[in-house]
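Residue-level listing of the chains:
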Amino acid sequence: MKPAKVVDRIPPSGIRVFFDLVLGMKDVISLGVGEPDFVTPWNVRESAIFALEKGFTSYTSNKGLVELRQEIAKSLSRRYGLDYDPEEEILITVGVSEAFDLAMRAIINKGDKILVPEPAYVSYKPIATLCGGRPISINTSAEKNFKITPSDVSKLCDRDTRALILNYPNNPTGASYSKKELKAISDVVLKKNLIMISDEIYCDLTYDFEHTPFATLPGMKERTIYLNGFSKSYAMTGWRIGYACGPKSLIAAMTKIHQYTMLCASVISQMAAMEALKRGGLSVQEMKREYKRRRTFVIYRLNEIGLACHIPEGAFYAFPSIKKTGLSSLEFSQELLKKEKVAVVPGTAFGSLGEGYLRISYASNMDKLKEALLRIERFVKTL
Ligand SMILES: Cc1ncc(COP(=O)(O)O)c(C=O)c1O
């Protein structure tokens, strides 16, 4: 039996393909997966156990527990002065993954162009395609620290362009944007009448300056779908919990789809997320301090080895160039895995513009990072 044509048109996730290889091998140091090596803070886990003990085992409102939506509204207001109505402007989802899918389904009419800065998080282009959209890449480069500029956006816009997706701090490049840089991009978003999809899942892991949510910029709250979640900030990837905030009309459209496809996010995860927001702040700061320490070490070592790497401003990924080695990203990753048992992700998993780069996650403990970098150094010397 043949699947739908549109499914044939999208590739399997490059990360998963590579990691299926890793699964069958022993003693591999994996710097591949994009998830924290910390476990969820104990008070958050305990709140879920408590929720179960008290018998919280049923569906919640489609939009999610009102108490959680209120907590999210309070937190955004307190941190950024960003005010959302918990009744109509916030939707609790099954991770940012679902929130992104809903956003695409809610805004795309067949043939709409969706601008995607590349290298890009693996889901963006396939989901836009599945929704009948035409993803258009905005090329970024190491010379510009993998950032887009207002003119990059402007040049690609025509009457079919519907939305711009921005993810900062970025997976896989670590690039982020200052308020001034974001303001310049927002001017084009306004001028070209775009919807902004802002994936800020790594907002708490911004190392060198304050994170600015896109929706706080003048005129942007009305046209931004702000996506965030608990996976990265609170080491809660397995809980599958995220949220979207935005204009009433778009949140209502997303909720309608969510009602039919997901009903609601898990009540236990929602209870845990509430605890994370109320009392998880300390753990976030500790994790961030640790990631920052690892970032310094990993970037220093990569450059020392001769794999040129810019300093990522956020998230927990290094994106070094391997162009000097003459190998393709896939060849480098496969050979490194075979010879030294270190798993990294070929840059091409994030689009063709990732050729010549690797994504190395530093969400691993220092001992593993030190050993992995020794092995990478040994491997590079043999080339
Ligand atoms: C940029 C980005 N957006 C979204 C996600 C998905 O997050 P969630 O676990 O909330 O579905 C990830 C996960 O790696 C990510 O890196």
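Thresholds, definitions, all that
- Residues numbered from 1 in each chain as written.
- Predicted model: local features only at pLDDT ≥ 70, side-chain atom pairs only at ≥ 80, totals over all residues.
- Helix = DSSP H or I, 4+ residues; strand = E, 2+ residues; numbered from the N terminus.
- Rg over C-alpha atoms; globule rule 2.2 N^0.38 Å.
- Buried ≥ 20, exposed ≤ 12 C-beta atoms within 10 Å, placed from the backbone.
- Domains from an automatic or database assignment.
- Contact = placed C-beta atoms within 7 Å.
- Nonpolar A, V, L, I, M, F, W, Y, C, P; charged D, E, K, R; others polar.
- Pairing = 2+ DSSP bridges.
- Axes fitted to C-alpha atoms, helices over the stretch in contact; angles between N-to-C directions.
- Parallel < 35°, antiparallel > 145°, perpendicular 65-115°, else oblique.
- Left-handed = near helix turned anticlockwise from the far one by under 90°.
- Expected span 1.5 Å × (residues − 1).
- Near = placed C-beta within 6 Å.
- Core = buried A, V, L, I, M, F, W, Y, C linked by C-beta atoms within 7 Å.

> Can you explain the overall build of the protein? Please cite residues and give values.
The helix and strand tally for the protein stands at 13 helices and twelve strands. Its C-alpha atoms give the protein a radius of gyration of 21 Å, near enough to 21 Å, the size a compact globule of 383 residues would have. Its C-alpha atoms give the protein principal-axis dimensions of roughly 60 × 55 × 50 Å. For the protein, buried positions account for 46% of its 383 residues.

> Break down the domain arrangement of the protein for me, citing the residues and quoting the values.
For the protein, the assigned domains are domain 1 (5–40 + 282–381) and domain 2 (43–279). Once you take the C-alpha centre of each, domain 1 and domain 2 turn out to be 25 Å apart. Across the contact, 36 residues belong to domain 1 and 33 residues belong to domain 2. Looking at the side of domain 1 that touches domain 2, the elements with two or more residues in it are α1 (5–9), α2 (14–23), α11 (281–305) and β9 (317–318). Ranked by the residues each element gives to the side of domain 1 that touches domain 2, the list is headed by α11, at seven residues. Of the residues belonging to the side of domain 1 that touches domain 2, the class tally is 18 nonpolar, eleven polar and seven charged.

> I'd love a proper account of the sheet that holds strand β2 (residues 90–93), names of residues and values included.
Taken in spatial order, the seven strands line up as β2-β8-β7-β6-β5-β3-β4 in an open sheet, and their pairing is mixed. Two strands close off the open sheet at either side, each with one partner strand: β2 and β4 (134–139). Recorded for the sheet is a direction-independent mean angle of 20 degrees between the axes of neighbouring strands. Relative to strand β8 (residues 242–245), strand β7 (residues 224–229) runs antiparallel, the two sharing four bridges. By the bridge assignment for β8, N228 is matched with Y243.

> Give me the lowdown on the packing of helix α3 (residues 42–53) against helix α10 (residues 267–279), citing residues and values where you can.
Packed helix pairs are characterised by how far apart their axes lie and by the angle those axes make with each other. Interaxial distance between α3 and α10 falls to 8 Å at its minimum, and their mutual angle equals 140 degrees. Looking at the two axes, α3 sits oblique to α10. For the pair α3 and α10, the crossing hand works out as right-handed. Facing N43, V44, S47, A48, A51 and L52 of α3, the residues of α10 in contact are I268, M271, A272, E275, A276 and R279. Among the residues forming the contact of α3 with α10, the class breakdown is eight nonpolar, two polar and two charged.

> Requested: an account of α10, with residues and values cited.
Taking 1.5 Å per residue, 13 residues should reach 18 Å; α10 reaches 19 Å between its end C-alpha atoms and fits that length. Those residues of α10 that sit buried are S269, Q270, M271, A272, A273, M274, E275 and A276. In this structure, the buried side of α10 is in contact with α3, α4 (66–80) and β2.

> Account for the sheet that holds strand β11 (residues 345–346), naming residues and giving values.
One open sheet accounts for three strands, arranged β9-β12-β11; its pairing is antiparallel. Edge positions in the sheet fall to β9 and β11, since each of these pairs with one other strand and no more.

> How would you summarise the site of the ligand if you had to cite specific residues and measurements?
Taken together, 13 residues sit near the ligand, with G95, V96, S97, N171 and S231 positioned nearest. Here the shell around the ligand gets three residues from one element, more than from any other, and that element is helix α5 (residues 95–107). In the shell around the ligand, the residues fall into three nonpolar, nine polar and one charged.

> Explain unusual backbone geometry residue by residue, including any values.
Residue P119 is reached from E118 by a cis peptide bond, and omega for that bond is 5 degrees. Mapped onto the elements of the fold, P119 is located in the loop between β3 (113–118) and α6 (124–130). In the segment running from N171 into P172, the intervening peptide bond is cis, with an omega of 20 degrees. Within the secondary structure, P172 sits in the loop between β5 (161–167) and α8 (179–191). One non-glycine residue, F146, lies in positive phi territory at about 60 degrees.

> Quick rundown of the environment of K125? Include the residues and the values.
Checked against the element boundaries, K125 lands in helix α6. For the pair K125 and G351, spaced 226 residues apart in sequence, the C-alpha separation works out to 9.1 Å. In contact with K125, other than residues within four places in its own chain, are V116, A120 and P135.

> Please provide a residue-by-residue account of the pairing of β8, values included.
Going residue by residue along β8, you find G242 and A244 tucked away on one face and Y243 and C245 tucked away on the opposite face as well. Alignment of β2 against β8, held across four bridges, turns out to be antiparallel. Within the sheet, the bridge partner assigned to T93 lies in β8 and is G242.

> An account of the nonpolar core is requested, with residue identities and associated values reported.
It is characteristic of soluble globular proteins that their nonpolar side chains tend to be buried jointly. By size, the foremost hydrophobic cluster in this structure holds 107 residues, and its most contacted members are A103, A163, L164, I165, M196, L227 and A244. Sorting elements by how many residues they give to this core places α5 first, with eight residues. When residues of this core are assigned to domains, at least three fall in each of domain 1 (5–40 + 282–381) and domain 2 (43–279). Contacts of L164, omitting those with residues within four sequence positions, involve L115, V153, V189, L194 and M196.

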